[in-house]
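Letter by letter, the chains look like this.
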Amino acid sequence: MSFDNSKPIIEQMSWSSVNTRFPNTTFDAFQKSWIVKKFFGIEHADDKLKQMVSDNISKIQASRFGISTNKNSNKSAETAIAGLAKELGIAVEKSENRESKSLVLPEAIHLIEPTEASVDIFPKGLWCPNCNFYGIYQDFSKLENLICPNCKNGSLEQRSNIFVCPNCGRQEQMMPPFEKIENAKPTFDCPDDKCDGKLFLEIGNPLSRSTWFCSRTKEEKQRLFRPCPNCSRYRGIRDIIHMGLFFTSASYFKPQKISAVFDKDESDFLPSNAMGEWSLSDTSANRREQVLKFGIDNVQIIDEVNAVDIVYGYSTYGNNATPNFFNTTDSKSGRTVYDAYINKTKGRGLLISLNRETVCRAVLNNLEKNAGQDNNSNQITKIRELRDKLSKDVSATYKTLAEEQISQIVSRVISKKIDAPLIRLLHSFEHALTFQAPLSTGLEETSFQSKIFLKDCAVLIYERDEVEAGGVEFLCKNLLLDWLSDARKHVIECRYSCSDGCATCLFIQDPLCHPLMNTEVQGTYMLPNSLLSRELLVDFWGLREVVPIINKREQPQDQFGGT
């Protein structure tokens, strides 16, 4: 019996494939484990999208190397940028029309619509459950059979476990702690001097209790762990960063992506310019009155929404995760080029405008509570001024809160005192409806995605897949009140009565969570399922007196990346 090298065929790339099976992710198929090596497809020459990708990558790179890309940066910063650009093989944009210098120019972006993927068997380690023999075979095609070369009785099987660094995302096969893959022949020698034994692997339960032992003396030599060769350092004492041990079927990478929506003319989607084919005014007065009780001013069906997802890198879920890009060095120019994988979908949308006065009151209540807890007299005075302003001009008050919020996001000034309540409220409202939409319609979880518009106090729910008549039109015209009621019920009945939102009430599938519009907060992305608040949503609905809230919030950490 030989090792079957048949490869799974990944057909036309779907939205789900691009978001979850991008290069360097692993998966199981044909009773084996695989790694995605590269996407191939149609290259696009969309300058607008390339600029969006280059802006995001530039800001991540600038943050990583501690340099400023501000237009008014001093000469030393400009020198640092030039030196770094030369080292990385990238260019520095010198246009006077742009507000910042870009480390990565749009010309370095290869925008690819994937149609197929190359995959390879991974990991290459084979293990005998009969005698614990373990070997790494770089070329399975040379294996005549899977009979264990040690005991001659057991059958070798692939171990579907790999090491992944929580910081840099490096992937490695199961190997003894400080060995290198090139030292596998296919086994590893016992580290004892003058011992001709090999290191075999005894699989423990749990897997972390597995150990390497000498095949000759049967003595345990090392436990199963792996230091990351990229992140571990020696500073007088060895500073080891341990890699995590994962199954190849696990989701240990999240995409670094841009998610944008455009109207039917391929222009940026703007709620102020949206022309709905149906709105709340087209329904009965009784129904309108019931919808308004949810803090909603209007609902419109948008005939065509063009959605774009661009995955330009990936990272782990670790707190100190470093984004990785799909970059290579161009053989002709010697410069770094970046692949970015694009997927476009077209469907209908549902634009929901929230009541600005109700939103402002919930936000100001939250700000006042936090300011009172911190004895921040200046903030309390400011809030009182805004309350007075709200009684006279709702639109102006909301505009002030929105502009301050956007400024905080872009500059990353998020702290316990300024806790981003506006974005938390809109983001939580968006999550509540997005979570409930597939449940109400019976469609797949990935059928809908959503965006928030801070300046317009609105949420857009739009179709991701071909859903025909069962999408937003059916949701709006047939299920609107049931959908809103069920979404609210799901949030207020959270089993943990949480304050900030949790997996029970507000979390949605990670690749779906990219709510910010690039037109409002350019080059900035939010960590998935961050900046949520069940407490704010309950206040917004006027249910604080009857819905329990257990406030366990600690000082918020930075929830933004890319700048």
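Presented here is an overview of the structure given in this document. Within every chain, residues take consecutive numbers counted from 1 along the sequence as written. Restriction of local features to residues with pLDDT of at least 70 applies here, the model being predicted, together with a cutoff of 80 or more for giving and counting side-chain atom pairs; totals for whole chains, interfaces and linings are based on all residues. Values shown for side chains rest on all heavy atoms present in the structure; no hydrogens or waters enter the calculation.

A few words now on the sheet that holds strand β14 (residues 244-247). Paired strands are those between which DSSP finds at least two bridges. Under the scheme used here, helices are H or I runs from DSSP no shorter than 4 residues and strands are E runs no shorter than 2 residues, and both carry numbers assigned from the N terminus. Pairing in this open sheet of three strands is antiparallel, and the strands run β8-β7-β14 from one edge to the other. On the outer flanks of this sheet lie β8 (171-173) and β14, each paired with one strand and no other. Averaged over all pairs of adjacent strands, the angle between strand axes in this sheet comes to 40 degrees, irrespective of strand direction. Fitted lines through C-alpha atoms give the axes, limited to the stretch in contact for helices. The angle between two N-to-C directions lies from 0 to 180 degrees.

Our focus in this paragraph is the sheet that holds strand β9 (residues 199-202). Here we have three strands laid out as an open sheet, ordered β9-β10-β11, and antiparallel in their pairing. Because the sheet does not close on itself, it has two edges, and the strands there are β9 and β11 (220-223). Taken pair by pair, the neighbouring strands of this sheet meet at an average axis angle of 30 degrees, ignoring direction. Where β9 and strand β10 (residues 211-214) come together, four bridges link them in antiparallel fashion. From the neighbouring strand, Leu-201 faces β10, where its bridge partner is Trp-212.

What follows deals with the pattern of salt bridges. Salt bridge, as used here, is a side-chain nitrogen of Lys or Arg placed within 4 Å of a carboxyl oxygen of Asp or Glu. Applying the stated criterion across every chain, the model contains 24 salt bridges. The partner of Lys-221 in a salt bridge is Asp-192, and the shortest N-O contact between them spans 2.4 Å. Of the two residues, Lys-221 sits in strand β11 while Asp-192 sits in the loop between β8 and β9, which places them 29 residues apart along the sequence. Arg-216 serves as the salt-bridge partner of Asp-196, at 3.4 Å between the closest nitrogen and oxygen. Highlighted residues: Asp-196 in the loop between β8 and β9 and Arg-216 in the loop between β10 and β11, separated in sequence by 20 residues. Burial status follows relative accessibility: with a 1.4 Å probe on protein chains alone, a residue under 20% of its type maximum counts as buried, one over 50% as exposed, and anything between as partly exposed. Overall, the relative accessible area of 55% leaves Arg-216 in the exposed class. Linked through salt bridges whose partners overlap, the residues forming this network are Lys-264, Glu-277, Asp-303, Arg-348, Glu-473 and Lys-477.

Here the focus is the pairing of β10. Of the two faces of β10, the one carrying Thr-211 and Phe-213 and the one carrying Trp-212 and Cys-214 are both buried. Pairing of β10 with β11, which is carried by three bridges, proceeds in the antiparallel orientation. Bridging from a neighbouring strand, Phe-213 pairs with Glu-220 of β11. Connecting β10 to the next strand, β11, in antiparallel fashion are five residues, including Lys-218 with a positive phi near 65 degrees.

Centre distance within 6.5 Å is the pairing criterion for rings of Phe, Tyr and Trp, where only the six-membered ring of Trp is used; planes under 30 degrees apart are then read as stacked, over 60 as edge-to-face, and the remainder as tilted. Under the defined criterion, the tally for this structure stands at 16 aromatic pairs. An angle of 55 degrees between the planes, with centres 6.5 Å apart, marks the rings of Phe-22 and Phe-326 as tilted. Placement of the pair is Phe-22 in the loop between α1 (15-20) and β1 (26-29) and Phe-326 in strand β18 (residues 324-329), with a sequence separation of 304 residues. Phe-326 carries the same exposure label as Phe-22, and that label is buried.

Following both chains from N to C, one finds helix α4 (residues 285-292) and helix α9 (residues 472-492) inclined at 40 degrees, their axes separated by 10 Å at the closest point. Here α9 runs oblique to α4, going by the angle between their axes. Judged by the twist between their axes, the crossing of α4 over α9 is left-handed. Facing α4, whose interface residues are Arg-287, Gln-290 and Val-291, α9 presents Cys-476, Lys-477, Asn-478, Leu-480, Leu-481 and Leu-484. When describing relative orientation, an angle under 35 degrees is termed roughly parallel and one over 145 degrees roughly antiparallel, while 65 to 115 degrees is termed roughly perpendicular and anything else oblique. Left-handed is the label given to a crossing in which the near helix is rotated counterclockwise from the far helix by less than a right angle, and right-handed is the label when the rotation is clockwise. Residues count as neighbours in contact if any of their non-hydrogen atoms are within 4.5 Å of one another.

Multiply 1.5 Å by the residue count of a helix minus one, and that product is the helix's expected span. Between its first and last C-alpha, helix α2 (residues 47-64) extends 25 Å over 18 residues, near the 26 Å set by a 1.5 Å rise per residue. Of all 18 residues making up α2, 13 are buried, and the element is well covered by its neighbours. Any pair of nitrogen or oxygen atoms within 3.5 Å is treated as a polar contact; in protein, a donor-acceptor pairing is required on top of that, and neighbouring residues in sequence qualify only through side-chain atoms on both sides. Capping the start of α2, Asp-46 holds a side-chain oxygen 3.1 Å from the backbone nitrogen of Lys-48, two or three residues further along. Taken from the residues just after α2, Gly-66 is the one with a positive phi, measuring 65 degrees.

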